[in-house]
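# Examining the three-dimensional arrangement
Given next are the chains, with one letter for each unit.
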Amino acid sequence: MSSSVGRNSLIMATGTAASRVTGQLRTILLAAAIGTTGLAANAYQAGSMIPQSVFTLVSGGIFNAVLVPQIVRTLKEKDAQERLNRLITLAIGILLAMTVVMAAASPLLARLYVGSDDHQMIALTTSFTLWCMPQVFFYGLYTVLGQILAAKDHFLTYAWSSTGANIISCAGFTGFILLFSKANEQPLEFWTADKIALTAGTWTLGVAFQALVLFIPLIKLGFKYKPQWGIRGIGLRSMGPVAAWSLGVMGVQEVANIVNARITNGAPFAGHDMYGIAGNGSYQNAFTLYILPYSLIAVSIGTAIFPKISRAVADNNLDEARMDLSVALRNVGILMMFFTAAYLVMPVQIIIALLPSVNLHEAWLIAGPMMMLALGLPLTSAYLLIQRTFFAFEDGMHPFLFQLVMNVIQIVFSLTCMRIFDPRDWTLCVGLSMTVGYALSFPLLVIMLRRRLAGHLDGRRIAVTYIKTFLAAVVTLVVGGLFIAPLCNLLQVNLSNYRIGLPWFRAVMFCAVMAVLMAVVYAGMLIVLRCQEFIAMVRNVV
């Protein structure tokens, strides 16, 4: 990768790392405040997820698909300031309208996602949703302003602003815990407006800060926003088809998310055990842990490489775009294979280490779906980079086709498992469905990408790298598995005694020792297999 991409990737990685550390602290405090199972946990996870899903469906895909290529082109024009003003004003208008409409529809959305007829679950989910719904506007504003900063190669505030959002939310949860202690088994009557404000309201306040603080670096860069209405001259005609396809992508993805949410929310009710069966709260915590390496590595590299690929495509330099994508895919694959092995070897220990506020029983409920999700980590990370490449070509059709096939497979798999297996296994199957969907539909994505890159993908080098990393990960997984029992005995770790539980310090020690062991084995195997990309990484570090 070029020095600028490397520098920007480092900025994004450090900012994302800080965001994930504070985000993990927020997750710990969330679990300490409302738990991971039961009425409050499942309702909060559904209520906070709905605005994010709405944004992704209505705005997120459209902005990510068309915004950066359009901004890159706009910045080259003489009247760039005026055009950007129009783009921002249009985006703000759309976001405001959607936020108001979706807020009014919160009761209907809550019923759609809950997956049961329990009136207490629906009522509490609706309340959390209303307090979180303004996030639709601020997430969109953050995307618009952040992408302008990215196009100007200014990533610092963009990368670090989410850390401030997490800190504000942490303050809210801390206040809740100090005032009310853990409320995972409290009835519906307990959840008055002040308690919901301390949990959901402060999270919305944090998201608002995350977006508004981006005006500071933009002003320093000489950008002075002035509301201007008008759609002429900002490229909407060329953006239209991509936006339509992108909306289709988000639409089919959201159908899958709704199915998943209804299954995971309904599992505890179907099994008549609100605290002994993994539900939406367990699944969302599993997803939060699974997504850590994805967001730290894949998203950071993808965000940094996207403007560069967009510029190469704009200049009709397919060789440079192909090379940038190939290098990013190979480097991301090396790192993600290791994290997959780590999640499979020590899931409960990782959960306790990163979520010390959960007990051992709750950790086991989270572990199943987390492991199933982790199996697909290399593929989901690769898809992010490939999707961004299609968007650089202003091509929304091919990501839509892939997403359609993948989500159909995922939905069919989840619903089939729901018919066959006991409710105790439904949430685990939802996690596995994502991995199965990506695995079965990825060959189609590769074919479409090769065509877009003029029939040449650098596929041989990419495939060889992934085969080598897979073999190294399998050996690492086996060696790690052999050392589980001896290390448990050495550190006096008991994973089956719910009464005693697993102390946080011992979980951290286990993860640290096992991670070092697995890293040595994985690195050794990559060297033995002559993985040139890994050797280059080591040389750059040394």
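The rules behind these values
Residues numbered from 1 in each chain as written. Predicted model: local features only at pLDDT ≥ 70, side-chain atom pairs only at ≥ 80, totals over all residues. Heavy atoms only, no water. Helix = DSSP H or I, 4+ residues; strand = E, 2+ residues; numbered from the N terminus. Buried < 20%, exposed > 50% of the residue type's maximum accessible area, 1.4 Å probe, protein only. Areas by Shrake-Rupley, 256 points an atom, 1.4 Å probe, with all protein chains shown as cover. Core = buried A, V, L, I, M, F, W, Y, C linked by side-chain atoms within 4.5 Å. Contact = heavy atoms within 4.5 Å. Expected span 1.5 Å × (residues − 1). Salt bridge = Lys/Arg side-chain N within 4 Å of Asp/Glu carboxyl O. Axes fitted to C-alpha atoms, helices over the stretch in contact; angles between N-to-C directions. Left-handed = near helix turned anticlockwise from the far one by under 90°. Nonpolar A, V, L, I, M, F, W, Y, C, P; charged D, E, K, R; others polar. Parallel < 35°, antiparallel > 145°, perpendicular 65-115°, else oblique. Lys, Arg positive; Asp, Glu negative; His and termini not counted. Phe/Tyr/Trp six-rings, centres within 6.5 Å; stacked < 30°, edge-to-face > 60°.

### Concerning the overall build of the protein chain
A tally of regular secondary structure across the protein chain gives 21 helices and zero strands. The proportion of buried residues among the 542 residues of the protein chain is 57%. As displayed, the protein chain offers around 21800 Å² of accessible surface, 67% of which is attributable to carbon and sulfur atoms.

### Concerning the nonpolar core
Note on soluble globular proteins: their nonpolar side chains tend to be buried together. Judged by nonpolar contacts, the single largest core of 91 residues is most densely connected at Met-346 and Ile-351. Broken down by element, this core gets its largest block of residues, 15 residues, from helix H11 (residues 280–314). Each residue touching Met-346, except ones within four places of it in the same chain, is listed here: Phe-510, Cys-511, Met-514, Ala-515 and Met-518. The next biggest cluster of nonpolar side chains, apart from the first, holds 61 residues, and it includes Met-102, Leu-109, Leu-145 and Phe-155.

### With respect to unusual backbone geometry
Most peptide bonds adopt trans geometry, and most residues besides glycine take a negative phi value. Unusually for a residue other than glycine, Asp-458 sits at a positive phi of about 60°. By the element assignment, Asp-458 lies in the loop between helix H17 (426–452) and helix H18 (459–482). With a relative accessible area of 13%, Asp-458 lands in the buried category. Positive phi is not limited to glycine here, since Gln-492 has a value of about 55°.

### Details of the side chain of Asn-166
Tracing the backbone shows Asn-166 in helix H7 (residues 156–180). Judged by relative accessible area, Asn-166 falls into the buried class, the value being 6%. Once residues lying within four places of it in the same chain are set aside, the contact partners of Asn-166 are Ser-19, Thr-22, Gly-23, Arg-26 and Trp-203.

### Some points on helix H13 (residues 347–354)
Judged by how many residues are buried, H13 sits mostly within the fold: seven of eight residues are covered. Turning to H13, its buried residues are Pro-347, Val-348, Gln-349, Ile-350, Ile-351, Ile-352 and Ala-353. On its buried side, H13 packs onto H11, helix H12 (318–345), helix H14 (360–374), helix H19 (484–491) and helix H20 (504–528).

### Here's the deal with helix H16 (residues 397–420)
The end-to-end C-alpha distance of H16 is 35 Å, a good match for the 34 Å that 24 residues give at a rise of 1.5 Å each. Listing the buried residues of H16 in full gives His-398, Pro-399, Phe-400, Phe-402, Gln-403, Met-406, Asn-407, Gln-410, Ile-411, Ser-414 and Cys-417.

### Considering the pattern of salt bridges
In total, this model carries eight salt bridges according to the counting rule given. The residue Glu-533 makes a salt bridge to Arg-330 at a minimum N-O spacing of 2.8 Å. One end of the pair, Glu-533, is in helix H21 (residues 532–541); the other, Arg-330, is in helix H12, with 203 residues separating them in the sequence. The exposure classification of Glu-533 matches that of Arg-330, with both residues buried. Between Arg-461 and Asp-458 there is a salt bridge; the shortest N-O distance is 3.0 Å. Taking relative accessible area as the criterion, Arg-461 reaches 37% and is therefore assigned partly exposed.

### Quick notes on the environment of His-119
Looking at where His-119 falls in the secondary structure, it is placed in helix H5 (residues 119–132). Of the residues examined, His-119 reaches a relative accessible area of 57% and is grouped as exposed. As a C-alpha pair, His-119 and Leu-188 span 69 residues in sequence and 9.9 Å in three-dimensional space.

### Re the packing of H11 against H17
One way to put it is that H11 packs onto H17 with a least axis distance of 10 Å and a crossing angle of 35°. Viewed along their axes, H11 and H17 form a crossing whose handedness is right-handed. Contacts between H11 and H17 involve Tyr-283, Phe-287 and Tyr-290 on the former and, on the latter, Thr-427, Val-430, Gly-431 and Met-434. Considered class by class, the residues forming the contact of H11 with H17 number five nonpolar, two polar and no charged.

### Some remarks on the packing of helix H15 (residues 377–392) against H17
Two elements in contact, H15 and H17, have axes separated by 11 Å at closest approach and are oriented at 30°. As far as their axial angle goes, H17 and H15 are roughly parallel. Judged by the twist between their axes, the crossing of H15 over H17 is left-handed. Residues Leu-379, Thr-380, Ala-382, Tyr-383, Ile-386, Thr-389 and Phe-390 of H15 touch H17, and the partners they reach there are Tyr-438, Ala-439, Phe-442, Leu-445, Met-448, Leu-449 and Arg-452. For the contact of H15 with H17, the per-class residue count stands at eleven nonpolar, two polar and one charged.

### A closer look at the side chain of Glu-362
Examined against the element boundaries, Glu-362 turns out to sit in helix H14. Notably, Glu-362 is buried but unbridged: the nearest opposite-charge side chain belongs to Lys-182, and the N-O separation is 4.2 Å. In this structure, Glu-362 is in contact with Gly-35, Thr-36, Thr-37, Lys-182 and Ser-357, ignoring residues within four places of it in sequence.

### Things to note about the environment of Met-397
For Met-397, the position within the fold is in helix H16. Look at Met-397 and you get partly exposed, because its relative accessible area is 32%. C-alpha of Met-397 to C-alpha of Gly-248: the two residues are 149 residues apart in sequence and 8.7 Å apart in space.

### What to know about the environment of Ile-535
For Ile-535, the location among the structural elements is in helix H21. Classification of Ile-535 by relative accessible area gives buried; the value is 19%. Each C-alpha atom, one on Ile-535 and one on Ala-523, is 9.2 Å from the other, the two residues being twelve residues apart in sequence.

### Quick look at the packing of aromatic side chains
Two numbers describe a pair of aromatic rings. These are the distance of the centres and the angle of the planes. One pass over the structure, following the stated rule, counts 17 aromatic pairs. Seen in terms of ring centroids, Phe-180 and Phe-190 are 5.9 Å apart; in terms of plane orientation they differ by 90°. Their pairing is edge-to-face. Here the residue Phe-180 occupies a position in helix H7, and Phe-190 occupies one in the loop between H7 and helix H8 (193–212), the gap between them amounting to ten residues. Classification of Phe-180 as partly exposed rests on a relative accessible area of 24%. Overall, Phe-190 belongs to the buried group, its relative accessible area being 15%. A centroid spacing of 5.3 Å and a plane angle of 90° characterise the contact between Phe-190 and Trp-191, whose relative ring orientation is edge-to-face.

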